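Residue-level listing of the chains:
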Amino acid sequence: MKAYQVKRYGKKEKLHLTTMAEPVVKENDVLVQIHSAGVNLLDSKIRDGEFKIFLPYKTPFVLGHDVAGVVTKVGSGVSKFKVGDEVYSRPADFRIGTFAEFISVNEKDVAMKPKNISMEEAASIPLVGLTVWQALVEKANLKKGQKVFIQAGSGGVGTFAIQFAKHLGATVATTTSAANIALVKSLGADVVIDYKKDDFETELKDYDVVLNSQDKKSLEKSLRILKPAGKVISISGPPDVDFAKQINVNWFLKMVMKFLSAGIKKKAKRLGVNFSFLFMRSEGEQLTQITKLIEAGVIKPVMDKVFPFEQTNEAMAYVEAGRAKGKVVVKVK
Ligand SMILES: NC(=O)c1ccc[n+]([C@@H]2O[C@H](COP(=O)([O-])OP(=O)(O)OC[C@H]3O[C@@H](n4cnc5c(N)ncnc54)[C@H](OP(=O)(O)O)[C@@H]3O)[C@@H](O)[C@H]2O)c1
């Protein structure tokens, strides 16, 4: 099969198109013929070597974290899927590799693709959808009537998060630049702040939850717009001890993560609010819930651009430029 590999870590490194053997299908795996693969900033960060410390992929390896496609083979222990099923997934860490023609995924990380959307749209969902679910449901326990501030409402995470938070019954504030104000309003945002003109810290107060996806300054400001016992869930760092436990790293790395998040934890404590870091994980059960929401029309994929497979490097460069409105996808088949 054809696949795009990282051969060397580095910011300027391009993925290499290679021909390689189809992946091995283990007992609980399904082999998916990839129709589309979603592109995420995580792909670039891994290629750059930024995440090497806790995701030490050994080169060469195939990149890509989101897939939609058709099951072409199942392992002997697979019970939920059969050949011919249209599925989507965010494969688990260390099992990634969706910039390819085939991928083998553990069935626990797979869900049936929503019937009412295309393969390209489906490939745009798993990583951002699961991120938002784990941030707003698992970590924040966001409830009807609460106020949530979602940074960067026009991005991949933001476009999903606004729709999902509205579904949960929350009041949603978001930031974006002038060109995307209409987009975030159409997704349901109640309060929209043009981050180039206005400062969200002076506009927002007494929030229950913030989904932080921007820099350190935004994170610190986010603490100050919360009501007492409010929560900031940060998906852009710094990693904390709970995350170290989640990925089961050694004592040294645990101490590194404790150190990295000590400052922000202390600031949060002083203000009587909570900080936690989230690094999303694959989860077929949650993705199945997301399928239901998409089929019910509660959440609609927001697509910026679809690139042909041959332009996977260009697709990554487009996402890295930081101006995507919703999601970018590579069409493989
Ligand atoms: N920890 C995790 O599990 C996890 C999971 C998913 C994503 N992430 C991280 O979360 C971040 C966001 O991911 P994403 O996929 O949503 O990114 P994305 O789609 O590439 O974000 C692009 C969007 O961000 C907006 N934007 C840029 N700077 C902004 C600012 N200062 N304020 C408000 N909006 C701004 C842009 O709007 P304008 O063009 O209008 O500026 C654009 O629409 C990334 O750092 C990503 O790595 C982490």
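Going by the structure above, here's the rest.
Worth saying up front: this structure is predicted, and the values here are computed from it rather than measured. (Residues numbered from 1 in each chain as written. Predicted model: local features only at pLDDT ≥ 70, side-chain atom pairs only at ≥ 80, totals over all residues. Heavy atoms only, no water.)

Novice: Quick question: what am I supposed to make of a nonpolar patch on the surface here?
Specialist: Where nonpolar side chains cluster on the molecular surface, the patch consists of Trp251, Phe252 and Met255 and spans about 380 Å² of accessible area. Here Trp251 shows up in helix 9 (residues 251-271). (Patch = residues over 30% accessible without salt bridge, like charges linked within 9 Å, V, L, I, M, F, W, Y side chains within 5 Å. Areas by Shrake-Rupley, 256 points an atom, 1.4 Å probe, with all protein chains shown as cover. Salt bridge = Lys/Arg side-chain N within 4 Å of Asp/Glu carboxyl O. Helix = DSSP H or I, 4+ residues; strand = E, 2+ residues; numbered from the N terminus.)

Novice: Any chance you could explain the site of the ligand here in plain terms?
Specialist: Inspection of the region around the ligand gives 23 residues, with Gly156, Ser177, Tyr195, Met280 and Ala324 positioned closest. Between an oxygen atom of the ligand and a main-chain N or O atom of Val157, the distance comes to 2.9 Å. In this structure, Ile235 approaches the ligand through a main-chain N or O atom, which is 3.0 Å from a nitrogen atom. Considered on its own, the ligand offers 940 Å² of accessible surface; in the complex 86% of this is hidden by protein. A breakdown of the residues in the shell around the ligand according to their chemical character gives ten nonpolar, eleven polar and two charged. (Near = heavy atom within 4 Å. Polar contact = N/O pair within 3.5 Å; in protein donor to acceptor, adjacent residues only side chain to side chain. Nonpolar A, V, L, I, M, F, W, Y, C, P; charged D, E, K, R; others polar.)

Novice: How should I be thinking about the nonpolar core in this particular structure?
Specialist: Judged by nonpolar contacts, the single largest core of 106 residues is most densely connected at Leu63, Tyr88, Val148 and Ile290. Looking at this core, the element that brings in the most residues is helix 3 (residues 126-139), giving seven residues. Leave out the neighbours within four places in its chain, and Val148 touches Leu136, Leu142, Ala165, Ala170, Thr171, Val172, Ala173, Tyr207 and Val209. (Core = buried A, V, L, I, M, F, W, Y, C linked by side-chain atoms within 4.5 Å. Buried < 20%, exposed > 50% of the residue type's maximum accessible area, 1.4 Å probe, protein only. Contact = heavy atoms within 4.5 Å.)

Novice: Explanation requested: helix 3 in the structure shown.
Specialist: The α-helix advances 3.6 residues per turn, and as a result positions three or four apart in sequence lie on the same side. Over its 14 residues, helix 3 extends 18 Å from the first C-alpha to the last, a length consistent with the 20 Å expected when each residue adds 1.5 Å. Of all 14 residues making up helix 3, eleven are buried, and the element is well covered by its neighbours. Within helix 3 the residues assigned to the buried category are Pro126, Leu127, Val128, Gly129, Leu130, Thr131, Val132, Trp133, Gln134, Ala135 and Leu136. (Expected span 1.5 Å × (residues − 1).)

Novice: How should the sheet that holds strand 2 (residues 16-19) be read in this particular structure?
Specialist: The strands making up a sheet associate through backbone hydrogen bonding, with each pair oriented either parallel or antiparallel. Here three strands make up an open sheet; going across it, the order is 2-1-4 and the pairing antiparallel. In the strand order of this sheet, the two ends are held by strand 2 and strand 4 (61-62), each with one partner. Two elements, strand 1 (residues 2-6) and strand 2, share four bridges in a ladder whose sense is antiparallel. Across the sheet, residue Lys2 finds its bridge partner in strand 2, namely Thr19. (Pairing = 2+ DSSP bridges.)

Novice: Honestly, helix 10 (residues 284-295) in this entry has me stumped. Any pointers?
Specialist: Taking 1.5 Å of rise per residue, the twelve residues of helix 10 would be expected to cover 16 Å, and the 16 Å separating its terminal C-alpha atoms lies within 8% of that figure. Residues Gly284, Gln286, Leu287, Ile290, Thr291, Leu293 and Ile294 constitute the buried set of helix 10. Across the axial projection of helix 10, the buried residues extend over an arc of 165°, all falling on one side. Away from the buried face of helix 10 by more than 90 degrees, exposed residues Glu285 and Lys292 are located. The inward-facing, buried residues of helix 10 contact strand 6 (86-89), strand 8 (110-112), helix 3 and helix 4 (156-167). Following helix 10 by one or two positions, Gly297 adopts a phi angle in the positive range, close to 80°. (Arc of directions from axis to C-beta.)

Novice: Any chance you could explain the side chain of Ser44 here in plain terms?
Specialist: Along the chain, Ser44 falls in helix 1 (residues 41-48). According to the relative accessible area criterion, Ser44 is buried, its value standing at 3%. Filtering out sequence-adjacent residues up to four positions away, Ser44 remains in contact with Met316 and Glu320.

Novice: Even after reading the chapter, I still don't get the packing of aromatic side chains, so can you show me in this structure?
Specialist: Where two aromatic rings form a pair, the distance of their centres and the angle of their planes describe that pair. Evaluation of the coordinates by the stated rule reveals 14 aromatic pairs. Relative to Phe279, the ring of Phe51 lies with its centre 6.1 Å away and its plane at 70°, an arrangement referred to as edge-to-face. With Phe51 in the loop between helix 1 and strand 4 and Phe279 in the loop between strand 14 (274-277) and helix 10, the pair connects residues that are 228 residues apart, well separated along the chain. Across this residue pair, the class does not change: Phe51 and Phe279 are buried. On the numbers, 4.6 Å between centres and 45° between planes, the contact of Phe149 with Phe200 is tilted. (Phe/Tyr/Trp six-rings, centres within 6.5 Å; stacked < 30°, edge-to-face > 60°.)

Novice: Help me understand the pattern of salt bridges in this model?
Specialist: Where charged atoms from two side chains of opposite charge come close, those side chains can pair. Within this structure, the stated rule accounts for 18 salt bridges. Measuring nitrogen to oxygen at the nearest pair gives 2.7 Å for the salt bridge that ties Arg224 to Glu201. With a gap of 23 residues between them, Arg224 in helix 7 (residues 216-224) and Glu201 in helix 6 (residues 200-203) connect regions that are remote in the sequence. Relative accessible area serves as the criterion here: at 45%, Arg224 is assigned to the partly exposed category. One network of salt bridges, with partners in common, ties together Lys11, Arg47, Asp48 and Glu320.

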